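The residues making up each chain are set out below.
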Amino acid sequence: MEELDMHKLQDALNIRAPLLVLLYSDSCQACQEAEDLLNTMTSQGEISQLIPDIQVMKEKTNGAVASLLKSQVSPTFVLIRDGEIAVYTDKLDDSEQIFSWLGKAGSTSLTRFLTDDTFEHLTQASTGSTTGHWLVLFYRQSCPDYFHILESIGVNEKSWINVAKVDVDANPKLALRFKITTCPELIYFRDGKMYRYETQKYDLPSVTSFVKSWYRNVKASPVPVESTAFDALTENIALYIKSQLQGENRTLILAVAGGLTFTFVIVIIFCCITGGSDSKMKKD
């Protein structure tokens, strides 16, 4: 089996060709057995039957793929197609399991891109009615990259969960709606409720455990409905005032707010006095 080079890896990440990589280490019997199995499956055409034009290569666990995954575990199968990375987590010595996993993965990514315009239509998160459970990663370009966790769960748990990601800088309405304050942030939408992934341990076993069962230990929150234009305006005004109170203009903002409050109280008192006088004159 040919060793992976950076050119082939970049091609796969640029969506030019699907790639299956065996991560291995020296003096590893399980790694050699996994390689032999892949060689057999490749020579018999089983892998290309599921994913046409796929390349099958290997790389040591100190290489570029392991660096992308932030993982040194070996042996491991990693599939790259459509620019996304999925990690195999089942038995490495079972060709039927591998074949089934490749069939679920297919030749295109399972991770959806959601936007301000498409989020509610595709997920129906606030109703929990028809499109199933969703694990959504809210991220910025400056965030650590955990996309492979999403894609891996999307493949491994394909029968019951959808996975998606939202660029919060490009979709400010969703960032505002779900009050995204950390980077990245995972939210699990299930049956009209949402569960925030509150631990900082971003690895495939932990997140998989969360969506399968651990979410029950997290406080369920109702999914906020889509905000109206007025909601967005008032929220932006509140955020602006909050930012000003934390900045250099804090004293001025407090003074203006205090003045407006004082004026409002005076007006209320004047109206009450005037109203009382008018009522007394009518009685007279």
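In this text the structure is predicted, and so the values were computed from the model without any measurement.

S.K.: Could you give an account of the overall build of the protein, naming the residues involved and the relevant values?
M.R.: The secondary structure content of the protein amounts to 11 helices and 10 strands. Here the contacts in the protein between residues at least 6 apart in sequence split such that 69% fall between residues at least 24 apart. Total accessible area on the protein stands at roughly 16,100 Å², and carbon and sulfur atoms take up 55% of it.

S.K.: An account of the state of the cysteines is requested, with residue identities and associated values reported.
M.R.: One pass over the full model with this rule turns up two disulfides. Disulfides within the protein link the bonded cysteines, taken in sequence order, as 1-2, 3-4.

S.K.: Break down the sheet that holds strand β10 (residues 221-222) for me, with residues and values.
M.R.: The six strands are arranged β5-β7-β6-β8-β9-β10 in an open sheet whose pairing can be described as mixed. In this open sheet, the two strands that pair with only one neighbour each are β5 (111-113) and β10. In this sheet, strand β9 (residues 193-196) lies alongside strand β8 (residues 185-190) in antiparallel orientation, the contact comprising four bridges. What sits directly across from Arg 190, in β9, is Lys 193. Along the sheet face, helix α7 (residues 147-156) touches β5, β6 (133-139), β7 (161-167) and β8 and points at about 160° away from the line of β7.

S.K.: Report on the packing of aromatic side chains, specifying residues and quantitative values.
M.R.: If you walk through the whole model with that rule in mind, you get 14 aromatic pairs. Taking 5.2 Å as the distance between ring centres and 55° as the angle between the ring planes, the aromatic pair formed by Phe 119 and Phe 178 counts as tilted. Taken together, the positions of Phe 119 in helix α6 (residues 119-123) and Phe 178 in the loop between α8 (172-177) and β8 put the pair 59 residues apart, joining distant regions of the chain. Aromatic side chains Tyr 197 and Phe 210 sit 5.1 Å apart centroid to centroid with 70° between the ring planes, which places their arrangement in the edge-to-face category. You can see Tyr 197 sitting in the loop between β9 and α9 (204-212) and its partner Phe 210 sitting in helix α9, a full 13 residues away along the chain. As far as burial versus exposure is concerned, Tyr 197 and Phe 210 are alike and both buried.

S.K.: Give me the pattern of salt bridges: which residues, what numbers.
M.R.: Applying the stated criterion across every chain yields a total of 11 salt bridges. Its salt-bridge partner being Glu 2, residue Lys 8 comes within 3.7 Å of it at the nearest N-O pair. Note on Glu 2: relative accessible area 46%, which makes it partly exposed. Of the charged contacts in the structure, one is a salt bridge between Arg 81 and Glu 151, with a shortest N-O distance of 2.7 Å. Residue Arg 81 is found in strand β3 (residues 76-81), and its partner Glu 151 is found in helix α7; the two are separated by 70 residues along the sequence. You can call Arg 81 buried: its relative accessible area is 1%. Judged by its relative accessible area of 0%, Glu 151 falls in the buried class.

S.K.: Which residues make up the side chain of Glu 35, and what values do they have?
M.R.: Tracing the backbone through its elements, the reader meets Glu 35 in helix α2 (residues 29-43). Given a relative accessible area of 10%, Glu 35 falls into the buried group. Those residues in contact with Glu 35, other than ones at most four positions away along the chain, are Met 1, Leu 22 and Lys 58.

S.K.: Before we move on, could you go through the environment of Thr 199 and cite the residues and values that matter?
M.R.: Residue placement: Thr 199 occurs in the loop between β9 and α9. By relative accessible area, which is 38% here, Thr 199 ends up partly exposed. In the structure, Thr 199 is positioned 14 residues away from Glu 185 in sequence and 9.9 Å away in space, judged by C-alpha atoms. A polar side-chain atom of Thr 199 sits 3.2 Å from the main-chain amide nitrogen of Lys 201.

S.K.: Any details on the nonpolar core? Residues and values, ideally.
M.R.: Core analysis: the biggest nonpolar cluster contains 36 residues, and Leu 135, Ile 153, Leu 186, Tyr 188 and Phe 210 have the highest contact counts within it. Residue assignment places this core across two domains, with domain 1 (2-106) and domain 2 (112-222) each supplying three or more. Ignoring anything within four residues of it in the chain, the contact list for Leu 135 reads Leu 150, Ile 153, Ile 161, Asn 162, Val 163, Ala 164, Leu 186, Ile 187, Tyr 188, Val 207 and Val 211. Leu 20, Tyr 24, Ala 86 and Val 155 belong to the second-largest nonpolar core, a separate cluster that totals 22 residues.

S.K.: Account for the sheet that holds strand β1 (residues 19-24), with residues named and values stated.
M.R.: Read across the sheet, four strands follow the order β2-β1-β3-β4 without closing on themselves; strand pairing throughout is mixed. Lying at the two open borders of the sheet, with one neighbouring strand each, are β2 (55-60) and β4 (84-87). Along the sheet, successive strands turn relative to each other by an average axial angle of 25°, direction set aside. Inspection of the sheet shows β3 paired to β4 by four bridges, in the antiparallel sense. Paired with Val 78 across the bridge in β4 is Val 87. α2 rests against β1, β2 and β3 of the sheet, and its axis sits at about 160° to β1.

The rules behind each value
- Residues numbered from 1 in each chain as written.
- Predicted model: local features only at pLDDT ≥ 70, side-chain atom pairs only at ≥ 80, totals over all residues.
- Heavy atoms only, no water.
- Helix = DSSP H or I, 4+ residues; strand = E, 2+ residues; numbered from the N terminus.
- Contact = heavy atoms within 4.5 Å.
- Areas by Shrake-Rupley, 256 points an atom, 1.4 Å probe, with all protein chains shown as cover.
- Disulfide = S-S within 2.5 Å.
- Pairing = 2+ DSSP bridges.
- Axes fitted to C-alpha atoms, helices over the stretch in contact; angles between N-to-C directions.
- Phe/Tyr/Trp six-rings, centres within 6.5 Å; stacked < 30°, edge-to-face > 60°.
- Buried < 20%, exposed > 50% of the residue type's maximum accessible area, 1.4 Å probe, protein only.
- Salt bridge = Lys/Arg side-chain N within 4 Å of Asp/Glu carboxyl O.
- Polar contact = N/O pair within 3.5 Å; in protein donor to acceptor, adjacent residues only side chain to side chain.
- Core = buried A, V, L, I, M, F, W, Y, C linked by side-chain atoms within 4.5 Å.
- Domains from an automatic or database assignment.

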